[in-house]
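# Architecture and fold: a report
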Amino acid sequence: MGATITAVGHYAPEKKLTNKDFEKMVDTNDEWISTRTGIKERRILSKEKGTSYMAVRAAKAALAQRNISAEELDLIIVATVTPDRFVPGTAPYVQGELGANNCWGYDINGGCSGFICAVATATQFIESGKYKKVMVIGADKMSAIVDYEDRNTCILFGDAAGAVLLEPSNGDGFGVDDFMLHMDGIGQEYLYIKAGGSRLPASHETVDQRLHYLYQDGKPVFKFAVSGMTDVAKRLLDKHDLTVKDLKLLIPHQANMRIIDAVASRLGLEPDQVMINIHSYGNTTAATIPMAMSEAYQQGRLKKGDRAMMVAFGAGFIWGGILFQWAFD
Ligand code: UT7
């Protein structure tokens, strides 16, 4: 039995943080940010709200599109690096607020690849016949872990959530074809939060030294991201005797416009084969791919039977791709 995406939804907070706003906060300018990253603005969730607030709204949008109630869900998987709290996970908050009273769930921390890790996991539950309705959410409130005094990273990130519903495919052959996921612990030194976990618990000193914020050494991450995503996309296509001409849309993780351009050009994709919305949201970590997928669907760029691929790269390093056929108009 195959698994297929039957609904998609997203939520982005209203408040915008523009490149001009950053000019007042750190030593940067619109020109540098635009040309180096492609980002123009990001969305910021209000301080007192947690990631689950956005996750619930994205999931509600997907449920409304499929016209089913939350009580029909069997499982909720939340991909996030910014849980509401360390304990419990974010999934129980989402379950409670949705009123999804017949399911269980858990969080996945796969960094920027968290959403595709979660879709791969959900696919197994559907293919095994164990569950019929799995809500997969990618959600991150990056503004909670970004150091707004570090110009190298603060301009990159934003807050948002996206969600897809996975169900058994109806026999038309559409759905998830395959996935490939990889990990290389070499990445741990390039993208991490030093303090606040069990290795270095939070203390006055760690907070004074700003070690509870996200640190990134961007250049190596950039290089690994381009080669990792290109390689996995090529191998997924080869394995299924497909070429880039068979792809209606590539939905890449939105970390940097130059990374997306480099991957697209190495693969030989035309501009209309690549979904891009980084200019409006920045890098929303686990949310970028479902956000982009949801907007692509709304814009009529995903139609029934279209072959598409998601590719992601992020902390760990963890990276991978999912090849699929869109199942509904
Ligand atoms: O989503 C998870 C995975 N993450 C990624 O894929 C992100 C990968 N990395 C990147 O996207 C890029 O490396 C960045 C956007 C983070 C940085 O771009 P870059 O072209 O690699 O710039 P750089 O770090 O080499 O910095 C170039 C210069 C430096 O100045 P010097 O040393 O040449 O004088 C930086 O200090 O740009 C400077 N700089 C800035 N200038 C103005 C760094 N940040 C800024 C800034 N505004 N915000």
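Note that the structure is predicted; figures quoted are calculated from it, not measured.

As a further point, take the overall build of the chain. Secondary structure assignment for the chain yields eleven helices and 13 strands. Taking 20 Å as the expected radius of gyration for a compact globule of 329 residues, we find that the chain reaches 19 Å, a close match to that expectation. Relative to its 329 residues, the chain shows a buried fraction of 56%. In the chain, once contacts between residues fewer than 6 apart in sequence are set aside, the share between residues at least 24 apart is 77%. Averaged over its 35 positive side-chain charges, the chain has a centre that lies 2 Å from the centre of its 39 negative ones.

A few words on the packing of helix α3 (residues 51-66) against helix α4 (residues 91-98). Angle between the axes and distance between the axes: these two values describe a pair of packed helices. Between α3 and α4, whose axes approach to 9 Å, the crossing angle comes to 50°. Classified by the angle their axes make, α3 and α4 are oblique. Here α3 runs over α4; the crossing is right-handed. Every residue of α4 that contacts α3 at Ser52, Ala55, Val56, Arg57, Ala59, Lys60 and Leu63 is listed here: Tyr93, Val94, Glu97 and Leu98. Grouping the amino acids of the contact of α3 with α4 by side-chain chemistry returns seven nonpolar, one polar and three charged.

Now for the sheet that holds strand β13 (residues 318-325). One open sheet accounts for four strands, arranged β8-β13-β12-β11; its pairing is mixed. Bordering the open sheet on either side are β8 (175-183) and β11 (249-252), each of which pairs with just one other strand. Across the sheet, the axes of successive neighbouring strands diverge by a mean angle of 15°, strand direction being ignored. Sheet analysis places β11 next to strand β12 (residues 307-314), joined by four bridges and oriented parallel. The residue bridging Pro252 from the neighbouring strand is Val311, located in β12. Along the sheet, helix α11 (residues 288-298) makes contact with β11, β12 and β13, crossing β11 at roughly 145°.

Glancing now at the pairing of β13. Strand residues, when the strand is regular, have side chains that alternate between the two faces of the sheet. Within β13, eight of the eight residues are buried, leaving the element largely enclosed by the surrounding structure. Note: β8 against β13, eight bridges, orientation antiparallel. For Val176, the partnering residue across the bridge sits in β13 and is Phe324. Adjacent in sequence and paired antiparallel, β12 and β13 are bridged by three residues, among which Gly316 carries a positive phi angle near 135°.

As a structural note, the neighbourhood of the ligand is formed by 23 residues, with Thr28, Arg36, Lys219, Asn256 and Asn283 the closest of them. In this structure, an oxygen atom belonging to the ligand sits 3.3 Å away from a side-chain N or O atom of Trp32. Contact between the ligand and Asn283: an oxygen atom at 2.7 Å from a side-chain N or O atom of the residue. Burial of the ligand by the protein amounts to 76% of the accessible area it has alone, namely 950 Å². Elements with a minimum of two residues in the shell around the ligand: α2 (30-37), α6 (151-154), α8 (218-239) and α9 (257-267). The dominant element in the shell around the ligand, judged by the number of residues it contributes, is α8, at four residues. Class assignment of the residues belonging to the shell around the ligand gives a composition of ten nonpolar, eight polar and five charged.

Moving on: the sheet that holds strand β1 (residues 3-11). Pairing in this open sheet of five strands is mixed, and the strands run β1-β7-β6-β4-β5 from one edge to the other. Every interior strand has two partners, whereas the edge strands, β1 and β5 (104-108), have only one. Averaged over all adjacent pairs, the angle separating strand axes in this sheet is 20°, with direction ignored. Inspection of the sheet shows strand β4 (residues 75-79) paired to strand β6 (residues 134-141) by five bridges, in the parallel sense. Its bridge partner being in β6, Val78 is matched across the sheet by Ile137. Sheet strands in contact with α3 are β1, β6 and β7 (159-168), and its direction is about 125° off that of β1.

This part covers α3. For α3, spanning 16 residues, the distance from its first C-alpha to its last is 23 Å, which sits close to the expected 22 Å at 1.5 Å a residue. Where α3 is concerned, the buried positions are Thr51, Ser52, Met54, Ala55, Val56, Ala58, Ala59, Ala62 and Leu63. Against the buried residues of α3 lie β1, α4, β6 and β7.

Calculation rules
- Residues numbered from 1 in each chain as written.
- Predicted model: local features only at pLDDT ≥ 70, side-chain atom pairs only at ≥ 80, totals over all residues.
- Heavy atoms only, no water.
- Helix = DSSP H or I, 4+ residues; strand = E, 2+ residues; numbered from the N terminus.
- Rg over C-alpha atoms; globule rule 2.2 N^0.38 Å.
- Buried < 20%, exposed > 50% of the residue type's maximum accessible area, 1.4 Å probe, protein only.
- Contact = heavy atoms within 4.5 Å.
- Lys, Arg positive; Asp, Glu negative; His and termini not counted.
- Charge placed at Lys NZ, Arg CZ, Asp CG, Glu CD.
- Axes fitted to C-alpha atoms, helices over the stretch in contact; angles between N-to-C directions.
- Parallel < 35°, antiparallel > 145°, perpendicular 65-115°, else oblique.
- Left-handed = near helix turned anticlockwise from the far one by under 90°.
- Nonpolar A, V, L, I, M, F, W, Y, C, P; charged D, E, K, R; others polar.
- Pairing = 2+ DSSP bridges.
- Near = heavy atom within 4 Å.
- Polar contact = N/O pair within 3.5 Å; in protein donor to acceptor, adjacent residues only side chain to side chain.
- Areas by Shrake-Rupley, 256 points an atom, 1.4 Å probe, with all protein chains shown as cover.
- Expected span 1.5 Å × (residues − 1).

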